[in-house]
Amino acid sequence: MSTLVTGAAGFIGSHVCHRLLDRGEAVVGIDNMNDYYDPALKRARLDQLLPRSGFRFRQADIAERETFDALKGEVPIRRIVHLAAQAGVRYSLDNPRAYIRSNVTGHLEVLEFARHLDTLDHLVYASSSSVYGGNTKVPFSEDDRVDQPVSLYAATKKADELMSYTYAHLYGIPQTGLRFFTVYGPWGRPDMAYWIFTKAILEGKPIRVFNNGEMWRDFTYIDDIVDGVVSVLDARAEGSPPHRILNIGNNRPCKLVDMIDILERLLGRKANRVYEPMQPGDVERTYADIEKMRQAVDFAPRTDLAAGLAAFVEWYRTQFPTARLEQGSASG
Ligand SMILES: NC(=O)c1ccc[n+]([C@@H]2O[C@H](COP(=O)([O-])OP(=O)(O)OC[C@H]3O[C@@H](n4cnc5c(N)ncnc54)[C@H](O)[C@@H]3O)[C@@H](O)[C@H]2O)c1
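Residues numbered from 1 in each chain as written. Predicted model: local features only at pLDDT ≥ 70, side-chain atom pairs only at ≥ 80, totals over all residues. Heavy atoms only, no water.

**Describing helix α5 (residues 96-115)**
The terminal C-alpha atoms of α5, which comprises 20 residues, lie 28 Å apart, in line with the 28 Å expected from a rise of 1.5 Å per residue. When α5 is considered as a whole, its buried residues turn out to be Tyr99, Ser102, Asn103, Gly106, His107, Glu109, Val110, Leu111, Phe113 and Ala114. (Helix = DSSP H or I, 4+ residues; strand = E, 2+ residues; numbered from the N terminus. Expected span 1.5 Å × (residues − 1). Buried < 20%, exposed > 50% of the residue type's maximum accessible area, 1.4 Å probe, protein only.)

Structure below.
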């Protein structure tokens, strides 16, 4: 029996695959290797996974029905971790169709695949803290209303939750939707602030600090996220319908400018900060209430931001040694 991981060459997906393989599980990974960010990074993540025993990979698009037709009967799938999506808030302003295709049509195809699997135990899928939109009551609880998304990305993630609820109701498919809160760490995503800032600081370029620095994020380290995803996968959703939504975050929001201070210390360089207004689609604050996640799987994130960013910076320097040289010569 295998676990299917969609988005296996992505940031969170590749880490989840490693953890499942570490436990001796068989994993089938799917990813279309799109160029939303440099596919070389996706290939590099995949290069770490491909030699591992128990891992099989298929380059395919989840929005295409044929992808799943080809999978049917090939290997028995017991569990699914569905992480493939068009991520990013700002990109959705210019590329709305990419979000509907991957996040809505793609999510439907995963649900249709799950519906016809006799062997399925549990489907865990990625939602996002973005569904909380401009909510001002903190921390954000799963019981809060989330029907005022401020980006199309958020709207597609909310749509996923609704579609999953319906499939759990109609077909009894056990599912858990995880609302991820700003995940960061080694092998991370180049479109996210911690990466953009690290790169710019090392290159001596200005960084754009939105909402004049009045932004808070519940930064959550990748190892804590993987602990949570795998624990949830093991604890099948029960009830009628068998569907639940859980926040997965650090529960300790940090101000964006404090994150920049930490990066400056780690990199040994001052950032050239350019303060700018709020960007359309963005939210001022994310802050996860993780009580439900705690109760479900004893979730307890362990990594504070300084330790997590130190691990990221160390990884970044090994991946991009030129940046280290530039940094070294400039500061030396
Ligand atoms: N990283 C975060 O902070 C964060 C926060 C909230 C939600 N999420 C969600 O978690 C999931 C994983 O995010 P990530 O940070 O690893 O992003 P990522 O972009 O690194 O990973 C997603 C992967 O899915 C693949 N993909 C996209 N569309 C596809 C399609 N149609 N068919 C097949 N593969 C496709 C991409 O090539 C990519 O490798 C996503 O659903 C994302 O929306 C992430």
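**Some thoughts on the site of the ligand**
Close to the ligand lie 28 residues, the nearest being Ile12, Asp31, Tyr37, Tyr153 and Val183. Contacts to the ligand include Ile62, whose backbone N or O atom sits 2.9 Å from a nitrogen atom. With the chains in place, 97% of the 820 Å² that the ligand exposes on its own is no longer accessible. Listed by contribution, the elements that provide at least two residues to the shell around the ligand are α1 (11-22), β5 (122-128) and α6 (152-171). (Near = heavy atom within 4 Å. Polar contact = N/O pair within 3.5 Å; in protein donor to acceptor, adjacent residues only side chain to side chain. Areas by Shrake-Rupley, 256 points an atom, 1.4 Å probe, with all protein chains shown as cover.)

**A look at the nonpolar core**
Core analysis: the largest hydrophobic core is formed by 73 residues, its most contacted members being Ile12, Leu178, Phe180, Tyr194, Met259 and Met293. Non-local contacts of Tyr194, meaning those with residues more than four positions away in its chain, are made with Phe11, Val183, Tyr184, Gly185, Gly188, Arg189, Met259, Leu263, Leu309 and Phe312. Membership of the second largest hydrophobic core comes to 21 residues, among which are Ile30, Ile77, Leu117 and Met163. (Core = buried A, V, L, I, M, F, W, Y, C linked by side-chain atoms within 4.5 Å. Contact = heavy atoms within 4.5 Å.)

**Topic: the packing of aromatic side chains**
Going through the model one piece at a time under the given rule, you end up with 22 aromatic pairs. Seen in terms of ring centroids, Tyr316 and Phe320 are 4.7 Å apart; in terms of plane orientation they differ by 40°. Their pairing is tilted. Classification of Phe320 as partly exposed rests on a relative accessible area of 32%. Put simply, the rings of Tyr184, Trp187, Tyr194, Trp195, Phe219, Tyr221, Phe312, Trp315, Tyr316 and Phe320 touch in pairs and so form one group of aromatic residues. (Phe/Tyr/Trp six-rings, centres within 6.5 Å; stacked < 30°, edge-to-face > 60°.)

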